[in-house]
Amino acid sequence: MSEVKRMERATRLGLPLILADVNDGQDACVLRLIEMLEQQAGVHRAHILLPGEAPPAGEPLGVDTHDSVRDAAAQATEEAQLCLHYDSDQLTLEKVVQLARTAGAEVTNRYGHVVIRFRAIGAEDSALRLQDGLRALNGVTAASVNFAGQIARVEFDRRETDEETIVRALDGLGVALAESSGGDANPDEHDRVDASPGVAGTWFARNRGLAWSLTAGVLLVAGWMVERSMPDQPMFAIALFIGSYAFGAWDNVAHFLKDALKGRFRFNIDLLMVVAAVGAAVLGEWLEGALLLFLFSLAHAAQHYALGRARNAIKALAELAPTHAIVQRVAGGEMREVEVGIEEVRPGDRVVIRPGARISVDGTVREGQSAVNQAPITGESVPVEKQDGAEVFAGSVNGEGSLVVEVTAAVGDRTLDRVIKLVAEAQTQKAPTQLFTEKFERVFVPIVLIADVLVIVVPPLLGVWTQSEAFYRAMALLVAASPCALALGTPAAVLAGIAQAARRGVLIKGGAYLEVLGSIEVVALDKTGTLTIGEPSVTDLVPYERVTDDELLATAAAVEQRSQHPLAQAVLAAAESRKLAVPQAGDLQSITGKGIRAPVGDAVVEVGRLLMFEAPGVVIPDAIRAATVRLEQEGRSTMVVRRTGGSSGNTTTSAGGWLGVIGIADTPRENARDTLNALRAVGMKRILMLTGDNQGVGDAVGRAVGVDEVRANLLPEDKVAAIRELAGQGNVAMVGDGVNDAPALAHATVGIAMGGAGTAVALETADVALMGDDLSRLPFAIGLSRQARRIIRQNLFVSLGVIGLLAFATVSGIVGIGPAVIVHEGSTLVVIANALRLLAYKG
């Protein structure tokens, strides 16, 4: 065993270097890559390290160097990494890198993903029909369809099929492809969002289902009038009813026949409605059968119009960024402003943003100053002042000033592009309740058909009903038991919830996270950058005897201006805010782990921990020692300042030149306490803070913001252990910055990243991203999720309740087909309208 350990080495490679455009360690292509590599001779093990995750304890690490390999001894990563353990006697580092790149290229070249938007009018279980149809295609390895969102995500083997074939197959399944929305047309992009070209922009093309439904209604009314006014001409009325049947049932029958011809005979809602209408015709109840199909098709058109509101809220994201940009280009020896298509803009270009214009790029401000409305991206309600060095995002709106922005991300890599892609994919991630209802439907529909046969056969045999009466009630039962509302209630709520969250600057990556977030009762938060602003600042000035605050601060700043330590920057910022005259210091001397000293004028100034001054012959005043102890107990980092030699200037200092103590801390966010109170108001029972700082600092911040429990001195692996412990007691959410906290985010029931805007790692690693660096969005996200859970439960209750009541009423003969249709379709519209209430949720 020791010999194996001696020969084993490990090295890590950035995952995007191996699998282009893949940062997610959970991607199916990553699992395929690992399987391929572990089959190679000399490779002992392959695994993924998530962003910020340290290697497991005891993991052998070689001191390997290669221009494409990250430092093997690094303890934290900013991107997902592939870790390879190999036998150094069999493989060199170069060979390992070559194997990984070859395997990555093979996986990338073989497997592709495409997200296709479509338009469809049909029964509510059309998602299952389309999903099954796509999965049956040769070369398709996985498919997920969201009928409410009208979007499909397909993974396929490039050796057996391609995107065009899949798109044509979807078109052949009876749906129209959505109009192009300007998606990237690069066919080699992994996991791209494909906005496929399709239907013409005519009113009929956009509203075919409504047009046919209205035609069915006109023929229905005409048939009814002929039946009443010309009772001696029944065939004329029947002809009109048949026409109404044809237009009202066209989509359902077409779908049913296409499936049957391909050998996919499905017991679905299409079948229930068609059988019920045909049964009514057999009984001579042409009017009721035509009414059934007319109301069924009209309800579908109304449903799609209603759901279109939620889809449009998401579609509006894609329309935020302008299609053109004004770029500074050198032409004829002079700088000119040229308008170009956004696809021509490259990182490094300088783009001019005029007052009131929508910003077209992600970048850094290089010239100008303006207030920018970032609400479309981050959800911030107040414009943010931007000046040299500030970040801006595509889709935000410039204020009254003009800006020159240096581009940092090409089209496709902008924050807005990543959000659009993730929101589109989120629509295909189904909530647990939706998965349950889909399984329920698959069992329920055949049971209804069997029950229908029993209703037709058994009562006449027992002499309870006549044959025609039993047949009529059986047809009414088909209408009553059709689970239309059940099929749409959950996906409509998920669609509306994700849309409203995106509109308010919260990215929820799927229905599963939307639903489970509402069950969270315990939340753990990182301290630095989450509960605090993430930057240390001077909080306390304790001058000694006759020294003034300004003298203490200016003297310390003189020495600290030559230091790069974060605490030094806090001292300089404080001196600058007071507009103090800071004297120049000489060469800096660092005393490792203790402090620094430098000559200032004709004296020497020392700044450091109290430990720096605990030397033989040095008497530390009790006041200095007491102030230091008090500040440290309050969670401050402390700096003791002493000036020795030379003159004290105009200020008379005490013996030894002691100037005082400076306290520095990372201050809590102004809204942190209010946010935690708001979390409790939406049902949070326990709030913890997890921090790597010492217990004193953690307790001080914890008291300031009002957490229930502080766990301090935690390494990244300790945070993971804490989350695992909490998760063992129930669902838990972890809130962090998405980089250093990535392992804890990954192990929580729901990982929530702060500041997703402009942070690719946060968007990739978390289940929920608060796009703005604003903790106050968290209560909104949890409140929205709780409301979504309530609406989903309400929709289930309404759906199943109506099915049960109508089933009893139709079988007992209380109501016939007509009233059953009205109540049935009415319940479907009710659950959709209930779901759309989420679009108005404000928190």
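Structural notes, computed from the coordinates. (Residues numbered from 1 in each chain as written. Predicted model: local features only at pLDDT ≥ 70, side-chain atom pairs only at ≥ 80, totals over all residues. Heavy atoms only, no water.)

### A few points about the overall build of the chain
Per the secondary structure count, the chain includes 28 helices and 30 strands. Per-residue burial for the chain yields a buried fraction of 55% across its 843 residues. Restricting the contact set of the chain to residue pairs at least 6 apart, pairs at least 24 apart contribute 70%. For the chain, the computed accessible surface area is about 35700 Å², with 55% contributed by carbon and sulfur atoms. (Helix = DSSP H or I, 4+ residues; strand = E, 2+ residues; numbered from the N terminus. Buried < 20%, exposed > 50% of the residue type's maximum accessible area, 1.4 Å probe, protein only. Contact = heavy atoms within 4.5 Å. Areas by Shrake-Rupley, 256 points an atom, 1.4 Å probe, with all protein chains shown as cover.)

### Comments concerning the sheet that holds strand β9 (residues 324-331)
The strand order across the open sheet built from 6 strands is β10-β9-β11-β17-β12-β15, with neighbouring strands paired in antiparallel fashion. On the outer flanks of this sheet lie β10 (334-341) and β15 (391-392), each paired with one strand and no other. For strand β12 (residues 362-368) and β15, the ladder comprises 2 bridges, and the chain directions are antiparallel. Bridge assignment links Gly363 to a residue of β15, and that residue is Val392. (Pairing = 2+ DSSP bridges.)

### Comments concerning the side chain of Gln500
The topology assignment puts Gln500 in helix α16 (residues 484-503). Of note is the side chain of Gln500, whose polar atom sits 3.5 Å from the backbone oxygen of Leu839. Each residue touching Gln500, except ones within four places of it in the same chain, is listed here: Phe780, Leu784, Leu838, Leu839, Ala840, Tyr841 and Lys842. (Polar contact = N/O pair within 3.5 Å; in protein donor to acceptor, adjacent residues only side chain to side chain.)

### Concerning the environment of Ser370
Along the polypeptide, Ser370 turns up in strand β13 (residues 370-373). Residue classification places Ser370 among the buried positions, given a relative accessible area of 3%. Note: C-alpha distance between Ser370 and Ser402 (32 residues apart in sequence) is 6.7 Å. Not counting the four nearest positions on each side in its chain, Ser370 is found in contact with Val384, Glu385, Lys386, Asn398, Gly399, Glu400, Gly401 and Leu403. Of note is the side chain of Ser370, whose polar atom sits 3.3 Å from the backbone nitrogen of Gly399.

### With respect to the nonpolar core
Grouped together as the largest cluster of nonpolar side chains are 51 residues, with contacts concentrated most on Leu525, Leu531, Ile752 and Leu778. Non-local contacts of Leu531, meaning those with residues more than four positions away in its chain, are made with Leu525, Asp526, Pro668, Arg669, Ala672, Leu676, Met689, Val705, Val707 and Leu775. (Core = buried A, V, L, I, M, F, W, Y, C linked by side-chain atoms within 4.5 Å.)

### A word on the packing of aromatic side chains
Counting across every chain of the model gives 3 aromatic pairs. Ring geometry for Phe613 versus Trp658: centroids 5.3 Å apart, planes at 65 degrees, classification edge-to-face. Note that Phe613 is positioned in the loop between β23 (603-608) and α21 (622-633) and Trp658 in strand β25 (residues 658-668), a separation of 45 residues in sequence. Taking relative accessible area as the criterion, Trp658 reaches 2% and is therefore assigned buried. On the basis of an interplanar angle of 35 degrees and a centroid distance of 5.8 Å, the ring pair of Phe780 and Tyr841 is categorised as tilted. Residue Phe780 is located in helix α27 (residues 777-811), and its partner Tyr841 is located in the segment after α28 (817-835); the two are separated by 61 residues in the primary sequence. Above the ring of Tyr111, the side-chain terminus of Arg32 is found at 3.8 Å from the ring centroid. Geometry around Phe780 places Arg777 over its ring, the cationic atom sitting 5.8 Å from the centre. (Phe/Tyr/Trp six-rings, centres within 6.5 Å; stacked < 30°, edge-to-face > 60°. Lys NZ or Arg CZ within 6 Å of the ring centre and 35° of its normal.)

### Digging into unusual backbone geometry
Backbone geometry places Glu545, a non-glycine residue, at a positive phi of 50 degrees. With respect to the helices and strands, Glu545 occurs in the loop between β20 (532-543) and α19 (549-560). Taking the relative accessible area as the measure of exposure, Glu545 reaches 55% and is therefore exposed. Residues other than glycine seldom take positive phi values, yet Lys579 does so here, at roughly 55 degrees. With respect to the helices, strands and loops of the structure, Lys579 is situated in the loop between α20 (566-577) and β21 (589-591).

### Focus on α28
The terminal C-alpha atoms of α28 lie 27 Å apart, and with 19 residues this matches the ideal 27 Å at 1.5 Å per residue to within 8%. Those residues of α28 lying buried are Ile817, Gly818, Ala820, Val821, His824, Glu825, Ser827, Thr828, Val831, Ile832, Asn834 and Ala835. (Expected span 1.5 Å × (residues − 1).)

### Here's the deal with the packing of helix α22 (residues 672-681) against α27
Angle between the axes and distance between the axes are the two parameters that describe a pair of packed helices. Running from amino to carboxyl end, α22 crosses α27 at an angle of 10 degrees, the nearest separation of the two axes being 8 Å. One finds that α22 runs roughly parallel with respect to α27. Contacts from Thr675, Ala678 and Leu679 of α22 reach α27 at Leu778, Pro779 and Ile782. Of the residues contributing to the contact of α22 with α27, the split by class is 5 nonpolar, 1 polar and no charged. (Axes fitted to C-alpha atoms, helices over the stretch in contact; angles between N-to-C directions. Parallel < 35°, antiparallel > 145°, perpendicular 65-115°, else oblique. Nonpolar A, V, L, I, M, F, W, Y, C, P; charged D, E, K, R; others polar.)

### Comments concerning the sheet that holds strand β16 (residues 397-398)
On the basis of which strands lie adjacent, the open sheet formed by 3 strands has the order β14-β13-β16 and antiparallel pairing. Edge positions in the open sheet fall to β14 (384-386) and β16, since each of these has one partner strand only. Pairing between β13 and β16: 2 bridges, direction antiparallel. Paired with Val372 across the strands is Asn398, a residue of β16.

### Points about the packing of helix α3 (residues 28-38) against helix α4 (residues 93-110)
Two elements in contact, α3 and α4, have axes separated by 10 Å at closest approach and are oriented at 135 degrees. One way to sum up the angle between α3 and α4 is to call them oblique. Regarding α3 and α4, the two cross each other, and that crossing is right-handed. For the pair α3 and α4, the contacting residues are Cys29, Arg32, Leu33, Met36 and Leu37 in the first and Leu99, Ala100, Ala103, Gly104, Glu106 and Val107 in the second. When the residues that make up the contact of α3 with α4 are grouped by side-chain class, the tally is 8 nonpolar, 1 polar and 2 charged. (Left-handed = near helix turned anticlockwise from the far one by under 90°.)

### Looking at a nonpolar patch on the surface
The grouping of Ile450, Val453, Leu454, Val457, Val458, Leu461, Leu462 and Val464 at the surface amounts to a nonpolar patch, some 770 Å² of accessible area in total. For Val464, the position within the fold is in the loop between α14 (432-462) and α15 (467-481). Looking at Val464, the relative accessible area reads 55%, which means it is exposed. (Patch = residues over 30% accessible without salt bridge, like charges linked within 9 Å, V, L, I, M, F, W, Y side chains within 5 Å. Salt bridge = Lys/Arg side-chain N within 4 Å of Asp/Glu carboxyl O.)

### Side note on the pairing of strand β22 (residues 595-600)
The two faces of a sheet get side chains in turn, since along a regular strand they alternate between them. In this sheet, β22 lies alongside β21 in antiparallel orientation, the contact comprising 3 bridges. Looking across to β22, one finds that Gln589 is bridged to Arg597. Counted along the chain from β22 to the antiparallel partner β23, the turn is 2 residues long, and its residue Gly601 has a positive phi close to 65 degrees.

### Some words on the environment of Val815
Structurally, Val815 is set in the loop between α27 and α28. Residue class for Val815 comes out partly exposed when judged on its relative accessible area of 24%. Along the chain, Val815 and Ala476 lie 339 residues apart, while their C-alpha atoms are 8.3 Å from each other. Not counting residues up to four positions away in its chain, the partners in contact with Val815 are Ala809 and Thr810.

### Regarding the pairing of β12
Two strands pair when backbone bridges link them, and β12 and strand β17 (residues 403-409) are joined in this way by 6 bridges, in the antiparallel orientation. Bridging across to β17, Gly368 finds its partner in Leu403.

### Details of the pattern of salt bridges
One pass over the full model with this rule turns up 22 salt bridges. Measuring nitrogen to oxygen at the nearest pair gives 3.8 Å for the salt bridge that ties Arg350 to Glu367. Here Glu367 lies in strand β12 and Arg350 lies in strand β11 (residues 350-353), a separation of 17 residues in the sequence. Take Arg350: its relative accessible area is 30%, and that puts it in the partly exposed class. For Glu367, a relative accessible area of 41% translates into the label partly exposed.

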